[in-house]
Amino acid sequence: MLHVAIATRAFRRYSTYRAATVSGIFTNSVFGVIYSYAYLALWAQRPHAGGYDATDAVTYVWIGQALLMTVALWGGGTTDELAERIRTGDVAVDLYRPVGLLGWYLAGDLGRAAYHFLTRGLGPTVIGLVVFHIRLPGTPAAALGFLASLVLAVMTSFAIRFLVASSAFWLLDQSGVKMLSGVCAIFFTGMALPLVIFPEPLRSIALALPWASYLQTPADIWLGKDAGTDLLAALGVQVLWLVVLFACCRAVLAAATRKVVVQGG
Amino acid sequence: MADLSVLGAAGDYRRIAAMWVRSALAYRGSFVTMTISSFLMTFLDFVAIGLMFHVIDRLAGFELWQVALLYGASGIGIGIADMVIGSVELIGQHIRMGTLDAMLVRPVPLLVQVCADRFALRRLGRISQTVIVFGYGAWHVDWDLAKVAVAVLMCVGAVAIFFALFVGVSCVQFWTHDASEIANAFTYGGNTMTQYPLTIFPTEVAKSLTFVIPVAFTNWYSCLYLLDRPDPFGAPAWFALLPLPVGALMVGLALLVWRAGVRTYTSTGS
């Protein structure tokens, strides 16, 4: 119950920035339009590149814009607060609390993601539907699979952001690592270019990395490329990475607690 | 007097910027990783375009090196403008936190203080990347003296146009303090649009990028001249000479908007 309360408060906290939300939807939509035309130019030359048709490609663009903030692709979210608390030494107080640090920040981040999904996710999607006639999930299984995959995507992104923030235990300042992690995310999620049209072997490598969870996997489920057993397999890979990453988070947290240096105490 | 105040402002800017460089170097590890990341971020951005050419030979009639020329020219413009005055984006944050009040009472022009605030030398990472990409495109260009002149005018004009966009759209935040992201649609959005040949867009979009938000002048018309290609939308060849006048006009407009914004500013009082 406590975690639900944390998530609800995080949701409400983000919902106070209305102008920021509207301006964000506008900006996501502008980028959606730009990339749609770029991909249309590409798919006009090669109509079946990567197994996508032109409509799939444009739909992919708008899913990407919708998920950008929801999965916090660039970084940010509650893990930024954690990093700041590590830098200032306030984290020492958090570590004494009878609530797990990981669960606390994860609950907050899920609340944040829910808010961003309902605003910065749905907003651009509606605009994409009107302007470019994008494809909607064809079956209930695809729609539900997409939602399940999205929750896994947010958690995967959280785990990686948590690891990045934890680097502040040793470096004090996470900003360099955060930016480097953002660079990897942009490229390996398929935000810059769908992973399906990457040349081999780069394609297979990128699809096997945890970043594929952020965008390529949910998008392929939405588009119906992963259906039936493929859908279950895709979700299975996401769960597998999640287990590995959360184990890493726990190990890092244990190590950090042992050697924590409290600044300014 | 006017000249003296400009020199004074430049001196103030340099001092504030130098302070931020020293402060960034305090966490040297972060500074190095962030400079490398800044380089990598735009590098992978171009790699993505390169990978597109693994699937196709031409994008809307343009070869990879021609796209590199467009990408590099626009990237140098926004890169320099972003490094020098990109911090103006944070104006809304200054208003919310009340730090703008402190700036208003200091004997240094407000715009100089806002722009020099958090000056980030790491952005050199991005600029060096775009210079390399531009160099790759320029290697194939059939250069003569006139083309060199057009290229120089283009780069200076592009910096001015992006400078004006950064300042102008950031002023929205004088009225709505937390809408900083809308500026990105025009600045980084304008940059992303000009990374591709304008021929990928419908005519109306290309026209509005010329006459409404004139980012097409940061690279498109001048690069067409460098490539000896006529404009597919039928614009005259002398548009290649316009980046600098367009940039100067836009900077003038942006400064007017800035002044109007500062006049309407009322402190949040916190």
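Source: prediction; values computed, not measured. All residue numbers refer to position in the chain's written sequence, counted from 1. Chains carry letters and ligands carry numbers; both start at the beginning, A for chains and 1 for ligands, and go up in the order they are written. Only residues with pLDDT of at least 70 are given local features in this predicted model, and only at 80 or more are side-chain atom pairs given and counted; all residues enter the totals for whole chains, interfaces and linings. Neither water nor hydrogens contribute to the side-chain values; these are computed over all heavy atoms in the structure.

**Describing the overall build of chain A**
In terms of helices and strands, chain A carries twelve helices and zero strands. Secondary structure counts use DSSP, requiring at least four H or I residues in a row for a helix and at least two E residues in a row for a strand, with both numbered from the N terminus. Along the chain direction, N to C, the helices and strands of chain A fall in the order α-α-α-α-α-α-α-α-α-α-α-α. C-alpha atoms define the radius of gyration, and 2.2 Å times the number of residues to the power 0.38 defines the globule rule. Here chain A has a C-alpha radius of gyration of 19 Å; the compact-globule value for 265 residues is 18 Å, and the two agree. Judged by the C-alpha coordinates and their principal axes, chain A covers about 60 × 40 × 35 Å. Taking all contacts inside chain A whose residues are at least 6 apart in sequence as the whole, residues at least 24 apart take part in 80%. Counting only carbon and sulfur atoms, one obtains 70% of the accessible surface of chain A, whose full area is about 11100 Å². The positive count covers Lys and Arg only, the negative count covers Asp and Glu only, and His and the chain ends enter neither. Note on charges: their place is set at NZ of Lys, CZ of Arg, CG of Asp or CD of Glu. Taken as two groups, the 18 positive and 13 negative side-chain charges of chain A have centres that lie 7 Å from each other. Note on contacts: a residue pair is in contact if any heavy atoms of the two residues lie within 4.5 Å. Method for areas: the Shrake-Rupley scheme with a 1.4 Å probe, in which residue coverage is limited to the protein chains shown.

**A word on the packing of aromatic side chains**
Residues and elements named next belong to chain A. Pairing of aromatic rings covers Phe, Tyr and Trp, the last through its six-membered ring, and needs centres within 6.5 Å; plane angles under 30 degrees mean stacked, over 60 mean edge-to-face, and all others mean tilted. According to the stated counting rule, one finds 26 aromatic pairs over all chains in the structure shown. Considering the side-chain rings of Tyr39 and Trp43, the 5.9 Å spacing of their centres and the 55° angle between planes classify their relative orientation as tilted. Of this pair, Tyr39 and Trp43 are both found in helix α2 (residues 18-45), four residues apart, which corresponds to roughly one turn of the helix. Comparing Tyr39 with Trp43, the two get one shared label, buried. Between Phe187 and Phe198, the ring centres sit 5.3 Å apart and the planes meet at 40°, which makes this aromatic pair tilted. One end of the pair, Phe187, is in helix α9 (residues 175-188); the other, Phe198, is in the loop between α9 and α10 (202-208), with eleven residues separating them in the sequence. Relative accessible area decides the class of each residue, using a 1.4 Å probe on protein chains only: under 20% of the type maximum gives buried, over 50% gives exposed, and in between gives partly exposed.

**Some words on the layout of surface pockets**
Any empty space left between the atoms is revealed when a probe the size of a water molecule rolls over them. Of the voids in this model, the second largest pocket is the one considered here, and its volume is about 370 Å³. Lining the second largest pocket we find 17 residues, and of these A:Val30, B:Met193, B:Val205, B:Leu209 and B:Ile213 sit closest to its centre. Those elements giving two or more residues to the lining of the second largest pocket turn out to be α2 of chain A together with α10 (181-195) and α11 (203-211) of chain B. In terms of residue count, α2(A) provides more of the lining of the second largest pocket than any other element does, five residues in total. Gly counts as polar in this scheme, as do all residues outside two lists: the nonpolar Ala, Val, Leu, Ile, Met, Phe, Trp, Tyr, Cys and Pro, and the charged Asp, Glu, Lys and Arg. The class makeup of the residues in the lining of the second largest pocket is 14 nonpolar, three polar and no charged. Here a cavity denotes a set of grid points, spaced 1 Å apart and computed over the protein atoms alone, in which a 1.4 Å probe fits but from which it cannot get out, and a pocket denotes an open set meeting protein on both sides within 12 Å along at least five of seven lines; residues with an atom within 4 Å of a point are reported as lining. Grid points are joined across faces, edges and corners, and a volume is the space filled by probe spheres set on the points.

**With respect to the environment of B:Val148**
Looking at where B:Val148 falls in the secondary structure, it is placed in helix α8 (residues 145-170). Each C-alpha atom, one on B:Val148 and one on B:Leu226, is 8.6 Å from the other, the two residues being 78 residues apart in sequence.

**Brief notes about the interface of chain A and chain B**
On the chain B side, the residues contacting the 37 residues of chain A number 35 residues. Interface of chain A and chain B: buried area, both sides summed, is about 3300 Å²; carbon and sulfur atoms make up 76% of it. Any carboxyl oxygen of Asp or Glu that lies within 4 Å of a side-chain nitrogen of Lys or Arg is treated as forming a salt bridge with it. The interface formed by chain A and chain B contains one salt bridge. Residues B:Glu181 and A:Arg120 are paired through a salt bridge, measuring 2.7 Å at the closest nitrogen-oxygen approach. Polar contacts, as counted here, are pairs of nitrogen or oxygen atoms within 3.5 Å of one another; within protein the pair requires one atom able to donate a hydrogen and one able to accept it, and residues that are adjacent in sequence qualify only if both atoms are side-chain atoms. Applying the counting criterion to the chain A and chain B interface returns four residue pairs in polar contact (both at pLDDT 80 or more). Summed over both partners, the accessible surface that disappears when two parts come together, traced with a 1.4 Å probe, is what is meant by buried area.

**Digging into the side chain of A:Asp109**
All names here are of chain A. By the secondary structure assignment, Asp109 is in helix α6 (residues 101-132). Only 2.6 Å separates the side chain of Asp109 from the side chain of Arg161, close enough to count as a polar contact. Residues within four places of Asp109 in sequence aside, it is in contact with Gly77, Thr78, Val154, Phe158 and Arg161.

**Concerning unusual backbone geometry**
Residue A:Glu200 is joined to A:Pro201 through a cis peptide bond whose omega torsion reads 5°. Residue position: A:Pro201 is located in the loop between α9 and α10. Within the chain, B:Ala60 stands out as a residue other than glycine whose phi angle is a positive 50°. For B:Ala60, the location among the structural elements is in the loop between α2 (28-55) and α3 (64-85). Residues other than glycine seldom take positive phi values, yet B:Arg118 does so here, at roughly 55°. Mapping B:Arg118 onto the fold places it in the loop between α6 (110-116) and α7 (124-138). Here B:Arg118 falls in the partly exposed class, since its relative accessible area comes to 39%.

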